[in-house]
Amino acid sequence: MKVLEITGGKELTGTIRVSGSKNSCVALIPAAILADGNVTICNVPEITDTDALSEILEYLGAGIKRDKERIEIDPTTLKNKAIPERISKKLRASYYFMGSLLGKYKHVEMYFPGGCSIGERPINLHLKGFESLGATVSNDGDKFVVDAKELHGANIYLDIASVGATINIMLAAARVIDNAAQEPEIVNVATFLNNMGAKIRGAGTNRVVIEGVDELSGCFHEVIPDRIEAGTYSIIGALIGNNLKIDNIIPEHIESLTSKLLEVGVDVELGDDYLVVSKPKKFRPTKIKTLGYPGFPTDLQQPFTVLLTQCEGKSKVVETIFENRFMHIPYLNKMGANIQVENMEATVSGPTELKGCEVEATDLRAGACMVAAALIADGVTVITNIEHILRGYEDIVEKLNKVGAKITLKEI
Ligand code: EPU
């Protein structure tokens, strides 16, 4: 078993460079199969989620050349066949093969995806979208078969502005998606498809309009910086940074976070593609409510909660996206925090001193939360189940140690 051993209390200073966006890339790799020629994607983070998607592409017979943060995909050799349960379940984003295989071959067989257990996470809206385009969906337990003689454009209204459903339906080529999610990752995928020759307008607004085209060519594309990684390190900088620079970011993508950091009293200096953050003398309490973009991201709720444990007075967290995204709270309390959870709301009373102990990364962002807590805790924290963290944060140990942290990845 791999664990992280973190000695807390080390001030962080220097520069952390943010990698390419996980949630963008995990859609871009499956989307590559829509092209009729070679696709090159650069700024791909080296994380286990992108490895798992490459494994699916390889299984399907696509050509893949990976050289660090650059991946070249030749989809022309791909044979459409059922994606086995073992690899479908390695991550959530395997569901993007539904949209892309359906869009290209009008047929897809795969299993319900895996990913973080942060709620029920159904895929009914994805399937409803495919059905509106003329596909039939059948399932036997977790195995899904989606088939269409022909796909036709359709106007689709999403009951919930789902990131996954918006992208998946875009891959299968709807005509109009209303109540679309507006996350930057959706814009990045639309830009990628447009680079191939697609005609997609409105990505980033709640109405995406797609004009059908007969073929898509190979292209070159760059992944946007990971706004959640940027946000995680900004929170860590606010907790224990001294002029910690978070570089290679798009500041507008994390505005909901930086405005909260300023509100609690953190010193934030914003540049064109970076920010510099330092720990203040004291933190004011606040309330955060998770929302779709541009609201406060659910993916930063867990790391931000560590900051709230250091605020003077009562703070609140309202989670509105995933019903089971408070699994980090018992571990923060074990470290000395004072947090009460009722339904999807948490009340954090602070400030509290955190003490190192053994904790678990129950999911990816809970893992980031544990790292943030361990960095400010007194003594040594051991984090188990860190496979979750490695799925989404490229070189997290190296990046943090370079700016002064004391973290060791151990095999026990
Ligand atoms: N939902 C449905 N039916 C559906 C689809 C979604 O009821 O068919 C519900 C979900 O259960 C949830 C809400 O709609 O309550 C929003 O879910 P959404 O579909 O937007 O989330 P997702 O596509 O499963 C992506 C990211 C998550 C991120 C969310 C919200 C990927 C691979 N995952 O998930 O990222 O939290 O959007 O921004 O892009 C993470 O990186 O740690 C992570 C969990």
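Residues numbered from 1 in each chain as written. Predicted model: local features only at pLDDT ≥ 70, side-chain atom pairs only at ≥ 80, totals over all residues. Heavy atoms only, no water.

For the rest of this paragraph, the subject is the domain arrangement of the protein. Here the protein is described as being made up of domain 1 (2-19 + 225-411) and domain 2 (22-222). Taken residue by residue, the interface counts 20 residues in domain 1 and 20 residues in domain 2. Interface area for domain 1 against domain 2, summed over the two sides, is near 1800 Å², with a carbon-plus-sulfur share of 51%. Looking only at domain 1, the three residues that lose the most surface to domain 2 are Y293, R391 and E394, adding up to 35% of its buried area. Counting every contact that joins domain 1 to domain 2 gives two salt bridges. Between D49 and R391 there is a salt bridge, with its nearest N and O atoms 2.9 Å apart. At the junction of domain 1 with domain 2, the criterion picks out nine residue pairs in polar contact (both at pLDDT 80 or more). Partitioned by chemical class, the residues of the side of domain 1 that touches domain 2 number six nonpolar, five polar and nine charged. (Domains from an automatic or database assignment. Contact = heavy atoms within 4.5 Å. Buried area = accessible area lost by both parts, 1.4 Å probe. Salt bridge = Lys/Arg side-chain N within 4 Å of Asp/Glu carboxyl O. Polar contact = N/O pair within 3.5 Å; in protein donor to acceptor, adjacent residues only side chain to side chain. Nonpolar A, V, L, I, M, F, W, Y, C, P; charged D, E, K, R; others polar.)

Topologically, T298 is positioned in helix α10 (residues 298-308). A distance of 2.8 Å separates polar atoms of two side chains, one belonging to T298 and the other to R325. Excluding residues that lie within four positions of it along the chain, T298 makes contacts with T290, E319, I321, F322 and R325. (Helix = DSSP H or I, 4+ residues; strand = E, 2+ residues; numbered from the N terminus.)

This brings us to the nonpolar core. Core analysis: the largest hydrophobic core is formed by 72 residues, its most contacted members being I41, F97, M170 and L193. Among residues more than four places away in sequence, those in contact with I41 are L28, I29, E69, R70, I71, I73, F192, H221 and V223. Membership of the second largest hydrophobic core comes to 70 residues, among which are C311, A346, C357 and I383. (Core = buried A, V, L, I, M, F, W, Y, C linked by side-chain atoms within 4.5 Å. Buried < 20%, exposed > 50% of the residue type's maximum accessible area, 1.4 Å probe, protein only.)

So, about the pattern of salt bridges. Scanning all chains against the criterion turns up 16 salt bridges. For D36, the salt bridge goes to K104, with nearest N and O atoms at 3.5 Å. Remark: K104 occurs in helix α4 (residues 96-105) and D36 occurs in the loop between α1 (22-31) and β3 (39-42); sequence separation between them is 68 residues. By relative accessible area, which is 43% here, D36 ends up partly exposed. The residue D51 makes a salt bridge to R66 at a minimum N-O spacing of 4.0 Å. Of the two residues, D51 sits in helix α2 (residues 48-60) while R66 sits in strand β4 (residues 63-67), which places them 15 residues apart along the sequence. Given a relative accessible area of 41%, D51 falls into the partly exposed group. What you see here is one network of salt bridges that share partners, running through K22, D49 and R391.

What follows deals with the site of the ligand. Lining the immediate surroundings of the ligand are 23 residues, of which N124, L125, S162, D299 and I321 lie closest. One of the side-chain N or O atoms of K22 is found 3.3 Å from an oxygen atom in the ligand. One nitrogen or oxygen atom from the main chain of L125 is found 2.7 Å from an oxygen atom belonging to the ligand. With the chains in place, 91% of the 830 Å² that the ligand exposes on its own is no longer accessible. Of all the secondary structure elements, the ones that give two or more residues to the shell around the ligand are α1, α5 (124-132), α6 (163-171), α10 and α12 (364-376). (Near = heavy atom within 4 Å. Areas by Shrake-Rupley, 256 points an atom, 1.4 Å probe, with all protein chains shown as cover.)

Moving on, we get to the sheet that holds strand β1 (residues 2-7). Here four strands make up an open sheet; going across it, the order is β21-β22-β1-β23 and the pairing mixed. Each edge of the open sheet carries a strand with a single partner, namely β21 (358-360) and β23 (406-411). Between one strand axis and the next, the sheet turns by 25 degrees as a mean value, whatever way the strands run. The strands touched by α12 within the sheet are β1, β21, β22 (380-384) and β23, with β1 carrying the most contacts at an inclination of about 30 degrees. (Pairing = 2+ DSSP bridges. Axes fitted to C-alpha atoms, helices over the stretch in contact; angles between N-to-C directions.)

The next subject is the environment of S162. Within the secondary structure layout, S162 lies in the loop between β9 (155-157) and α6. Each C-alpha atom of the pair S162 and I250 lies 22 Å from the other, and the pair is 88 residues apart in sequence. Not counting residues up to four positions away in its chain, the partners in contact with S162 are L125, H126 and A181. For S162, the side chain forms a polar contact with the main-chain nitrogen of A165, separated by 2.9 Å.

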